[in-house]
Amino acid sequence: MASVIKDDQVIGKNGVIIRKHPQRSDGSPKYRTYEIYQRERVGESTEKIKPGQLISENYRQDPYPTVAVLREHYPCYRDWLSNSYWITEYNDVTSIFSDEANFETRPKTWVYGLENPGRNLNEELPLLEAEEKFTDARADEIATTIAVSLAQKGHGNLATEFAARFAMNLLITSLDIPSADAGQFTSLFWRMQRGTSWNPALREDGRKALDELTHYLEPLVATRKKQPGEDLISVMIQLAPSDEPTTIDDIVVTLLERDHETLHGTLANLWFLLLTHPEEHQQAISDRRLMKLAYLETLRHSTPVIYAHRYARHEVERFGRLIPEGAQLVCSAAAANRDPKIFNDPNKFIVDRKDMCQRESRGQYRADGLAAGIAFGLGKPSIHPAIPEDRPRSRYALTRDTAVTASQVLVSHLDNIRLAKGTSPKLSALTVGEMHTCWKLPVTFSKK
Amino acid sequence: MSEAKKTPGTEIDPRVFDTPEFQKDPFPIYQQLRDHHPIYHDRFHNRWIISRYWDVDGAFQDNESYDRAVYKPDGPYDFGSRHVFGPNILEYGNSGEHRRLRNIVAGQFVGQKLQDFIPMIHQIADEVIDSFIDDGEVEIVKQFASQVPIRVISNMLGLPREDEDTFVGWYQALIAGLGFGGEHLTAGLKARNEMWDYIDPLIAERSKNPGEDLLSRMCVAEMDGSKMTAEEIKGFVALLLAAGGDTTEKAIANMWYHLMYTRPDQLQDVIDNEDLWENTFTEMMRYDPVVHAQFRHTTREIQIHNDVIPERAGVILYLGAGNRDERAFKDPNTFDIHRNDLHMGKENRSGRYKDGKNGHLGFGIGQHFCMGYAMARQESAIACSKLAARIKNSRPKYAEHEGISSPSIDSGGFRTPAELWMKFDT
Amino acid sequence: MKVKVDKEKCCMSGECYYNHPELFKMDDEGHTIVLVDDVTDPRLLKHAKEAAEVCPAVAISLQD
């Protein structure tokens, strides 16, 4: 390399002086641009994470340590491998919720690439009302049926026989699907939802399932057009938004765009956490209020939907870098929910957290000035009062109340719920990108 | 976007693109892409893939729809701040900025101006060969291929010969820094900053007293009354060193590799007739080009093969796949320097040739066609024919070779054999 | 000045139409089409001269 070092100058073989970087008066080197400053300030290596780690087996099993590194070192990490930008701080993720001007959400119909898809009726008030009415009236009974049948067995898999089954039964009953078809409907619905994945095999199967579901619902819808019932399908049929009669495609799209992960996933994760934290378990089952707090803490600590995509509508300078138009942002709830700037002891499952909002969050604006866990599946945070007078409460609130009810019912029928001997359950996703939850939660209990 | 009828069992799991097998031998996947997924939406990596020859060609030609730039030229982006080379022409897409920079510099690499450098290339080739001619064997990658281009370029730029080793070190760091593994990027930036500090005084001096070298020409060149700024010149030097040096080095190594292992039966033809080095170069660029992929962003929705690429989507154009398309070349998976369906003469930007044959896609096509194509071709041909002329009875040292592969995803770099040992007599 | 392209000599290199799309266009086969009949604008004239210089086939000429 260069031959002579004189004072603080380095001189090349040909006599040309190679200057060092100009020094600031406090001794730290100047940086040419902010970008390079961003990179160079992170010690010797600027990449504490290689993008491959974000799609690895490790990440699928436990994303939390990996995204923690992102959150600590990279406000906006360029994942060139997956052509995305990762947003990992709590304040940044929630700021995106309220920024419709710059970032857009793309519905599942876009993911499927449906041409002329049906309308998504999930925001229609009459449907929300009917859901609230139905859930408040029937959730208890549906949970009871499940609890009773479990009690008779003496043991079971809470993940599938309770969490998944409850969520599914709630949906099936609300739609008044004939019980003989419950299995078929479950399979179709689940395949259709899984098909929104990146995996081409799953997507092709999901597309088939979507068509099969449409085919299955046709006669049902025809009947209920003539003889409407109280079920949600009848409600949807009678909706006729904008004076255009509801089509079968509208109903299928509404089912597609519906969240299928939060109730199921949070219930499973809640019981996973309770069963692996005996003290918190006792706390939660002692009081309905504490069960509710346990649910909210689960939504923060081990949320089932660990990320959501947003797309930049145009070039926008945010989070320390210029984000190109059309860029895909990965908003990591896993990272944001464990942000130490927002929550003390973020990695601990604490039922009675003092630093977490117990009321429904409003995106960036927090009731009590406290933050709540970010839950992506349930749509934008509500702008209405927590207990509205002239409209049904939000899906977030509905899901929370339903989950708490179901857990209460379980606890009232089963005593001494314990993990089956010799099991060590864990949370993971079936494939990278799917819901982060538990599929095996074998327990023993005694009848009450 | 409706899903075209897919033959069952031909789905590609997008995770395959991250596997070492794909890095080593992407061609079977390319075949599947061309046959069954001419437009492939890789949702795992958030990008679209185009692989057939005429589709890649069409995308290259349509700069309005397939834009190379990531950021808008009139937006807030501080050009060069996100690139290890600094502000350089690769960052520009379809804008007047691109044309301005290109028109200033491209002229220096073709025609008479290129011919002026030929004697220097001969001299350098001889010097490098001198260093191992008595050894009876040579590791072509390190001792030959990687030594010639960097010295040629630094000579073209009029950089002092005594500091050549420094340049080699810098440019290797720059190329590695093109990749995305962080340690490489830091090292690349450091090398680039050192290089710029070295060149700054040279630019100041040669703007006042220009010589005949490329750097002087860049300092004084004018297009429409505007000159290149010092930042742009430095960005260009970084680009030339890395892109012009590294790619040509790989080309030289790859040419020898194919004649030693892929088609050893054709080596003698080339030794007997040194004009065939040009054929070897061209066929190498078709068979397994140094660069396999180029990235673009769509500026509008594009209908292609029963599908629609959305606006602002990332698209990969696989030139490596297009070059093996049987719709463009017969027996595409055979390496043959005597091929009669490939245009063997000089490549050009339009990709269209009077002999009606198809050209390879290795240099791209159109607006962003490689500026150094003539340089690369000439330099490789001269260096290789010089080596062939000075040795006798050349043969591979090892019967087996693990073949050409891409470097690790983290480090930047292009496809080449890791090592290439050859024995010879003098 | 009139810009003429000798179709016999033209080797479809594309240097003219890629460098100066305001003056030249590519047809379907790759041959050059001159877009401006009579070039009077001094800036365009300069571009036409540059194109004539750069053309590898020396196929472009400027005539009064």
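Residues numbered from 1 in each chain as written. Chains lettered and ligands numbered in written order. Predicted model: local features only at pLDDT ≥ 70, side-chain atom pairs only at ≥ 80, totals over all residues. Heavy atoms only, no water.

A.B. asks: Got a minute to help me understand the pattern of salt bridges in this structure?
C.D. replies: Oppositely charged side chains are able to pair whenever their charged atoms sit close together. As enumerated under the stated definition, the model contains 60 salt bridges over all chains in all. Between Glu131 of chain A and Arg395 of chain A there is a salt bridge; the shortest N-O distance is 2.7 Å. Residue Glu131 of chain A is found in helix H6 (residues 125-153), and its partner Arg395 of chain A is found in helix H16 (residues 395-413); the two are separated by 264 residues along the sequence. On the basis of relative accessible area, Glu131 of chain A is assigned to the buried category, the value being 5%. Assessed through its relative accessible area of 16%, Arg395 of chain A is described here as buried. Residues Glu164 of chain B and Arg151 of chain B are paired through a salt bridge, measuring 2.5 Å at the closest nitrogen-oxygen approach. You can see Glu164 of chain B sitting in helix H9 (residues 164-178) and its partner Arg151 of chain B sitting in helix H8 (residues 148-156), a full 13 residues away along the chain. As far as the burial class goes, Glu164 of chain B and Arg151 of chain B line up, both buried. (Salt bridge = Lys/Arg side-chain N within 4 Å of Asp/Glu carboxyl O. Helix = DSSP H or I, 4+ residues; strand = E, 2+ residues; numbered from the N terminus. Buried < 20%, exposed > 50% of the residue type's maximum accessible area, 1.4 Å probe, protein only.)

A.B. asks: I would appreciate a short explanation of the sheet that holds strand E14 (residues 421-425) of chain B in the present structure.
C.D. replies: For sheets, the rule is that strands pair by backbone hydrogen bonds, running either parallel or antiparallel. Residue and element names in this part refer to chain B. Pairing is antiparallel in the open sheet, where three strands are placed in the order E4-E14-E11. Of all strands in the sheet, those with a lone pairing partner are strand E4 (137-139) and strand E11 (392-396), marking the two edges. Across the sheet, the axes of successive neighbouring strands diverge by a mean angle of 25 degrees, strand direction being ignored. Sheet analysis places E11 next to E14, joined by three bridges and oriented antiparallel. The residue bridging Pro396 from the neighbouring strand is Met422, located in E14. (Pairing = 2+ DSSP bridges. Axes fitted to C-alpha atoms, helices over the stretch in contact; angles between N-to-C directions.)

A.B. asks: How should I be thinking about the packing of helix H12 (residues 230-262) of chain B against helix H16 (residues 373-390) of chain B in this particular structure?
C.D. replies: Geometrically, a packed helix pair is captured by the angle between its two axes and the distance between the axes. All names here are of chain B. Axis separation between H12 and H16 bottoms out at 10 Å; the angle between their running directions is 45 degrees. When the axis of H12 is compared with that of H16, the two are oblique. Classified by chirality, the crossing of H16 by H12 is right-handed. Between H12 and H16, the contacting residues are Thr248, Ala251, Ile252, Met255 and Trp256 on the first element and Ala376, Glu379, Ser380, Ala383, Cys384, Leu387 and Ala388 on the second. (Parallel < 35°, antiparallel > 145°, perpendicular 65-115°, else oblique. Left-handed = near helix turned anticlockwise from the far one by under 90°. Contact = heavy atoms within 4.5 Å.)

A.B. asks: Where do I start with unusual backbone geometry in this structure?
C.D. replies: Leaving glycine out, the prevailing phi sign among residues is negative, and the prevailing peptide bond configuration is trans. Residue and element names in this part refer to chain B. Even without being a glycine, Asn306 presents a positive backbone phi close to 70 degrees. Among the structural elements, Asn306 can be located in the loop between strand E8 (302-304) and strand E9 (307-309). For Asn306, a relative accessible area of 53% puts it in the exposed group.

A.B. asks: Can you help me understand the sheet that holds strand E5 (residues 84-87) of chain A in this one?
C.D. replies: Residue and element names in this part refer to chain A. The mixed open sheet is built from five strands, whose spatial order is E4-E5-E11-E8-E6. Where the open sheet ends on each side, the last strands, each with one partner, are strand E4 (76-79) and strand E6 (103-104). One ladder, built from five bridges, connects strand E8 (residues 307-312) with strand E11 (residues 328-332); its direction is antiparallel. Paired with Ala308 across the two strands is Cys331, which belongs to E11. Here helix H4 (residues 90-97) sits on the sheet in contact with E5, E6, E8 and E11, set at roughly 125 degrees to E11.

A.B. asks: I'm lost on empty space enclosed by the protein in this one. Help?
C.D. replies: Rolled over the atoms, a probe as big as a water molecule pinpoints where empty space is left. All names here are of chain C. Considering all chains together, one arrives at one cavity of 30 Å³ or more under this definition. Approximately 100 Å³ is the volume found for the largest cavity. Residue lining of the largest cavity: 15 residues in total, with Cys10, Ser13, Cys16, Thr32 and Cys55 positioned closest to the centre. Here the element with the most residues in the lining of the largest cavity is helix H1 (residues 15-19); it accounts for three residues. Partitioning the lining of the largest cavity into residue classes produces 11 nonpolar, three polar and one charged. (1 Å grid on protein atoms, 1.4 Å probe; cavity = no way out; pocket = protein on both sides within 12 Å on 5 of 7 lines; lining within 4 Å. Points joined across faces, edges and corners; volume = space filled by probe spheres on them. Nonpolar A, V, L, I, M, F, W, Y, C, P; charged D, E, K, R; others polar.)

A.B. asks: Help me out: how do you make sense of the interface of chain C and chain B in this one?
C.D. replies: Interface size is often expressed as the accessible area that is lost when the parts come together. Across the contact, 22 residues belong to chain C and 14 residues belong to chain B. A combined buried area of about 1,400 Å² lies between chain C and chain B, and 46% of that area is made up of carbon and sulfur atoms. Contact with chain B buries area across many residues of chain C, yet Met12, Tyr18 and Asn19 of chain C alone supply 39% of it, more than any other trio. If you look at where chain C meets chain B, you find one salt bridge. When the shortest N-O distance is used, the salt bridge between Glu15 of chain C and Arg349 of chain B registers 3.3 Å. Counting every contact that joins chain C to chain B gives 12 residue pairs in polar contact (both at pLDDT 80 or more). Residue assignment for the side of chain C that touches chain B shows that the elements contributing at least two residues are H1 and helix H2 (42-54) of chain C. Of the residues assigned to the side of chain C that touches chain B, the class counts are seven nonpolar, six polar and nine charged. (Buried area = accessible area lost by both parts, 1.4 Å probe. Polar contact = N/O pair within 3.5 Å; in protein donor to acceptor, adjacent residues only side chain to side chain.)

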